[in-house]
Amino acid sequence: MTDHHGDFDSVSGRSTTGHEWDGIKELNTPLPRWWVITFYLTIVWAIGYWVVYPAWPLISGHTRGVIGYSSRADVAVELANLEKIRGDKMVALGAASLADIEKDPALLALARAKGKTVFGDNCAPCHGSGAAGAKGFPNLNDDDWLWGGTLDQIMQTIQFGARSGHAKTHEGQMLAFGKDGVLKPDEIVTAANYVRALSGLPTRKGYDAAKGEKIFAENCVACHGEAGKGNPELGAPNLTDKIWLYGSDEATLIETISNGRAGVMPAWEGRLDPATIKAMAVYVHSLGGGK
Amino acid sequence: MNKPVNPSEPTSEDDYGPLYAARKKVYPQSVSGTFRRIKWGLMAFCLGVYYFLPFVRWNRGLGAPSQAVLIDLPNSRFYFFFIELWPQEVYYFTGLLIVAAVALFLMNSVGGRIWCGYLCPQTVWTDLFYAVERLIEGDRRERMKKDKSSDPMRLERISEIVLKHSIWLLIAWWTGGAWVLYFNDAPTLVKQLVTFQAPMIAYIWIGILTVTTYALAGYMREQVCTYMCPWPRIQAALTDEWALNVTYRYDRGEKRTSVKKAAELRALGEHAGDCVDCYQCVAVCPTGIDIRNGPQLECIQCGLCIDACDNVMAKIGRPTRLIAYDNDINIQRRQDGKAPIYRIVRARTVVYSAIITAVGGIMLYTLATRSLLDVNVLHDRNPVAVRLSDGSIRNAYTVRLLNKSGYDRVIAIDADGPVNATIHVVGVDSVTPDRPMIVIPRDATSELRLLVTAPAEVNPEKSIPVRFHVTDIGLGEAASATDNFVSP
Ligand code: SF4
Ligand code: SF4
């Protein structure tokens, strides 16, 4: 690293690199030896890395490295460990009855935490991340439940779904009274106003309450009950409360009566393990709407 | 001194000397005297505290750690004798850092880099390593001779070197060992360490501290103080002309002359310098400087040169303290025949002391009045409010209760907010008239889901403040937190 070219700077007496620009020569100022050695060591280190770890892209895939390291394998190991750590607790959760889970603060905390993540992964697309629902997708924070809001009923709905095609699913749907020609258009308008009146909403001018009551008695009581209070066995909503799944304005009600409604809730049995479904039921129940 | 450089002349590095100078190894000589004794005492104290504090026990009751000083990272707790801190209370450390920094300023305004000379870990461990080196290889002269010797590979020499490094490494290793003991129950960890059952991280930390202690105290020594540490730069900006620094009293010392010559001069009634140019002050200096050149960045105020010179003065029968903690103002005053004055109480020392007292006072006050029961409330964001089937409105909150005491508590929860509102805690059905009660285990937090439901008709506003009260029904201790109740 001393003098490569035998050329010395006359002023400083130091060797130059031999590079010259417009009469100005570059002094040869070598890097400190320790620095250079460190630099070479990093190169050696890098080569070692290529050999030991996955490094080079190939046409289909990449070199695997001699120790076969893979970050995915690491993740798999970590996840397996996590499962092992949680194992006992999840077993305890699976073994406890729903009511007992809610009474045990530790199990409740676990079920809520687990339920919340599983809800976020599976249920949030329809019901929203906070379970506030949307038009056609029930808000799970309120106390109005199509298929019942007790712990067991919620669990059942999650397990088997509604109109999901599962053998044990909830069945029953709102018929299409208009499309199927059961009711004439003016009868549908009257029925819509009758239903609005049930929950204390204002009715259209010239609406005939007696006619509405007759139409309701003939067509709707079978599912919604005489007082319009609904029937969780059939998933028939309560028409006297303040909560409307699809909306309470006249136009929406006319559409509902004319074309019917049959929202689908998928069945989660088989897709999620029983303990997880339990955790989800407890979580949904704890949102506050449970009965 | 360099000759003045004419800018028109060609200049080269040689005019200024090279920009890089290799380290000259320092061989401090042993010395005895007042400051050396103070240093030994402080070293014993600091090392004693550091190495043995983890073994001090402190009874906090059953189930709680019984180590006086413990940083319990897995459980996020810090224990210091009777003090127990939670992660929410890290601001105490901010206070501690402020106090520490200002205490350093105060020390600096009184005695310059006095922290460096006596208390800094770098000094303490370097001093200890030097003591070991001296014990094994001998004092300054011997060490210099051995290092220069052209025949270093004699068995005796090799065994000396091996012994020295083994002891150094042992000390360094023990330093790392003591460090990890602050993070876990010390006796248990010691047992685990020797049976190789301790967590990997413990061994890693011991390794790191072993290497750094060995390198910093065994090899880098005064270079840390001179080149790596920012403190000399900062302290230069913080010091003033009244600060007492290790000072060569040049008025007394100059002109340097021999004992005999001085006696002759004095016999003639003339002034003679007391410094006999014996270089003892340089020989003992751990940073290898000559204090007679005036105040220097490298000087760590250790006072060893004072001891060295005092010994010389005593031997030649001159008054001691030719080198002393002093300042130039007083040298000047003495030269002018005035009495020296020492101003410890100055604007800056008063301000620093006041800051220390104020911050320390605030910390003690908050520590003494620290609540052992706390509540935090977080409003649900999604949805912010829910309308129920009867038209009433419900808001949900996440309530976090903190029980920092050493016993389980029964806590009752109330809420002041919308008129006629009811509250319900999920999972709690033992509601004594609208007042949920829950049990929180000692030294734990408990997160609850709390629902507040208000009838629609009494709740016309968009947002009403709600206040949550939590009360320990046994002791009456209470805490509260405020949030809002929102209508959809
Ligand atoms: S000059 Fe004196 S006080 Fe300063 S570092 Fe050296 S021995 Fe210590
Ligand atoms: S030890 Fe005292 S007498 Fe000796 S050289 Fe230093 S200042 Fe002078």
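Worth saying up front: this structure is predicted, and the values here are computed from it rather than measured. (Residues numbered from 1 in each chain as written. Chains lettered and ligands numbered in written order. Predicted model: local features only at pLDDT ≥ 70, side-chain atom pairs only at ≥ 80, totals over all residues. Heavy atoms only, no water.)

Caption draft 1: Expanded view of the UniProt feature "binding site: heme c 1" (unreviewed entry) in chain A. All names here are of chain A. As recorded in UniProt, the sites labelled "binding site: heme c 1" (unreviewed entry) are Cys123, Cys126, His127 and Met265. Despite a sequence span of 143 residues, these residues sit close together in the fold, their greatest C-alpha distance being 10.5 Å. Looking at the secondary structure, you find Cys123 in the loop between α4 (105-122) and α5 (124-127). His127 gets classed as buried once you look at its relative accessible area, which sits at 10%. (UniProt positions renumbered as here; feature names shortened; annotations may be inferred. Helix = DSSP H or I, 4+ residues; strand = E, 2+ residues; numbered from the N terminus. Buried < 20%, exposed > 50% of the residue type's maximum accessible area, 1.4 Å probe, protein only.)

Caption draft 2: How the structure looks around the confidence of the model for chain B. All names here are of chain B. For chain B, mean pLDDT is 89; residues scoring 70 or higher make up 93% of the total. Between residues 1-13, whose pLDDT stays under 50, and residues either more than four places distant or in other chains, the model counts 10 contacts. Both scores are given for the predicted complex: the pTM is 0.74, the ipTM 0.74. (pLDDT = per-residue confidence, 0-100. Contact = heavy atoms within 4.5 Å.)

Caption draft 3: Here's a closer look at the environment of Glu457 of chain B. Position of Glu457 of chain B among the secondary structure elements: in the loop between β13 (444-454) and β14 (463-472). You can call Glu457 of chain B exposed: its relative accessible area is 67%.

Caption draft 4: Seen up close, the interface of chain B and chain A. Counting residues at the interface gives 18 residues for chain B and 19 residues for chain A. Of the roughly 1500 Å² buried between chain B and chain A on both sides combined, carbon and sulfur atoms contribute 52%. When the area that chain B buries against chain A is broken down by residue, the three leading residues are Asn382, Ser389 and Arg449 of chain B, summing to 35%. There are 0 salt bridges connecting chain B and chain A. Linking chain B with chain A are 6 residue pairs in polar contact (both at pLDDT 80 or more). Elements with a contribution of two residues or more to the side of chain B that touches chain A: β7 (386-387) and β13 of chain B. When the residues that make up the side of chain B that touches chain A are grouped by side-chain class, the tally is 7 nonpolar, 5 polar and 6 charged. (Buried area = accessible area lost by both parts, 1.4 Å probe. Salt bridge = Lys/Arg side-chain N within 4 Å of Asp/Glu carboxyl O. Polar contact = N/O pair within 3.5 Å; in protein donor to acceptor, adjacent residues only side chain to side chain. Nonpolar A, V, L, I, M, F, W, Y, C, P; charged D, E, K, R; others polar.)

Caption draft 5: Structural detail: the side chain of Ser389 of chain B. Here Ser389 of chain B is to be found in the loop between β7 and β8 (393-403). Since its relative accessible area comes to 19%, Ser389 of chain B is described here as buried. For Ser389 of chain B, the contacting residues outside a window of four places in its chain are Asp143, Asp241, Lys242 and Ile243 of chain A.

Caption draft 6: Region of interest: the UniProt feature "transmembrane region" (unreviewed entry) in chain A. Here, the residues flagged by UniProt with the feature "transmembrane region" (unreviewed entry) are residues 34-56 of chain A. Structurally, residues 34-56 of chain A comprises 83% helix and 0% strand, and the distance from its first C-alpha atom to its last is 30 Å.

Caption draft 7: Spatial organisation of the site of ligand 1. Lining the immediate surroundings of ligand 1 are Val246, Cys285, Pro286, Thr287, Ile289, Ile291, Cys299, Ile300, Gln301, Cys302, Gly303 and Cys305 of chain B. Considered class by class, the residues forming the shell around ligand 1 number 9 nonpolar, 3 polar and no charged. (Near = heavy atom within 4 Å.)

Caption draft 8: Fine view of the site of ligand 2. Residues and elements named next belong to chain B. The full set of residues close to ligand 2 is Tyr248, Cys275, Val276, Asp277, Cys278, Tyr279, Gln280, Cys281, Arg292, Cys309, Met313 and Ile323. Breaking the shell around ligand 2 down by element, the ones donating at least two residues are α14 (280-284) and α15 (304-316). When grouped by side-chain class, the residues that make up the shell around ligand 2 number 9 nonpolar, 1 polar and 2 charged.

Caption draft 9: Expanded view of the packing of aromatic side chains. Residues and elements named next belong to chain B. Taken as a whole and judged by the stated rule, the model has 30 aromatic pairs over all chains. Judged by centre distance (5.3 Å) and plane angle (90°), the rings of Trp58 and Phe81 are edge-to-face. Separated by 23 residues along the polypeptide, Trp58 in the loop between α2 (34-52) and β1 (69-72) and Phe81 in the loop between β2 (77-80) and β3 (83-85) bring together distant segments of the chain. Aromatic side chains Trp179 and Trp205 sit 6.2 Å apart centroid to centroid with 45° between the ring planes, which places their arrangement in the tilted category. One end of the pair, Trp179, is in helix α7 (residues 155-181); the other, Trp205, is in helix α9 (residues 200-220), with 26 residues separating them in the sequence. (Phe/Tyr/Trp six-rings, centres within 6.5 Å; stacked < 30°, edge-to-face > 60°.)

Caption draft 10: Structural detail: the pairing of β14 of chain B. All names here are of chain B. Here β14 shows one buried face, formed by Ile464, Val466, Phe468, Val470 and Asp472, and one open face, formed by Ser463, Pro465, Arg467, His469 and Thr471. Judged from the 6 bridges that link them, strand β9 (residues 409-416) and β14 form a sheet pairing that is antiparallel. By the bridge assignment for β14, Asp416 is matched with Arg467. Relative to strand β15 (residues 478-486), β14 runs antiparallel, the two being bridged by 9 bridges. Counterpart to Ile464 in the pairing with β15 is Phe485. Adjacent in sequence and paired antiparallel, β14 and β15 are bridged by 5 residues, among which Gly476 carries a positive phi angle near 80°. (Pairing = 2+ DSSP bridges.)

Caption draft 11: The sheet that holds β3 of chain B, seen in detail. Residue and element names in this part refer to chain B. Pairing is antiparallel in the open sheet, where 3 strands are placed in the order β1-β2-β3. Looking at strand neighbours, the two that pair on one side only are β1 and β3, the edges of this open sheet. Mean inter-strand twist for the sheet, computed between neighbouring axes without regard to direction, equals 10°. In the sheet, β1 pairs with β2 via 4 bridges, with the strands oriented antiparallel. In the sheet register, Ile71 faces β2, and the bridge partner there is Phe78. (Axes fitted to C-alpha atoms, helices over the stretch in contact; angles between N-to-C directions.)

Caption draft 12: Broad picture of the nonpolar core. Counting residues in each nonpolar core, the largest one holds 32 residues, and the members touching the most others are Val246, Cys305, Ile306, Ile323 and Tyr325 of chain B. When contributions to this core are tallied by element, the ones reaching two or more residues are α4 (114-118), α11 (231-238), β4 (245-248), α14, α15 and β5 (323-326) of chain B. Within the second largest apolar cluster, 30 residues are counted, among which are Leu107, Leu110, Ile277 and Val282 of chain A. (Core = buried A, V, L, I, M, F, W, Y, C linked by side-chain atoms within 4.5 Å.)

Caption draft 13: Looking closely at helix α8 (residues 209-219) of chain A. Residues and elements named next belong to chain A. Burial in α8 covers these residues: Gly212, Ile215 and Phe216. Seen from one end, α8 has its buried residues packed into an arc of 100°, which puts them on one side. For α8, the exposed residues set more than 90 degrees away from the buried face come down to Ala210, Lys214 and Glu218. On its buried face, α8 sits against α7 (185-198) and α9 (221-224). Between the side-chain oxygen of the N-cap and the backbone nitrogen of Ala210 there are 3.1 Å, and the N-cap of α8 in question is Asp208. (Arc of directions from axis to C-beta.)

Caption draft 14: Seen up close, the pattern of salt bridges. Residue and element names in this part refer to chain B. A complete count under the given rule lists 40 salt bridges over all chains for this structure. Residues Asp277 and Arg292 are paired through a salt bridge, measuring 2.7 Å at the closest nitrogen-oxygen approach. Taken as a pair, Asp277 in the loop between α13 (259-267) and α14 and Arg292 in the loop between α14 and α15 lie far apart in primary sequence, 15 residues in all. Accessibility expressed as a relative area gives 34% for Asp277, which makes it partly exposed. Put simply, Lys25, Glu133, Glu137, Arg143, Lys146, Asp147, Arg157, Glu160, Lys164 and Arg221 are held in one network by salt bridges that share partners.

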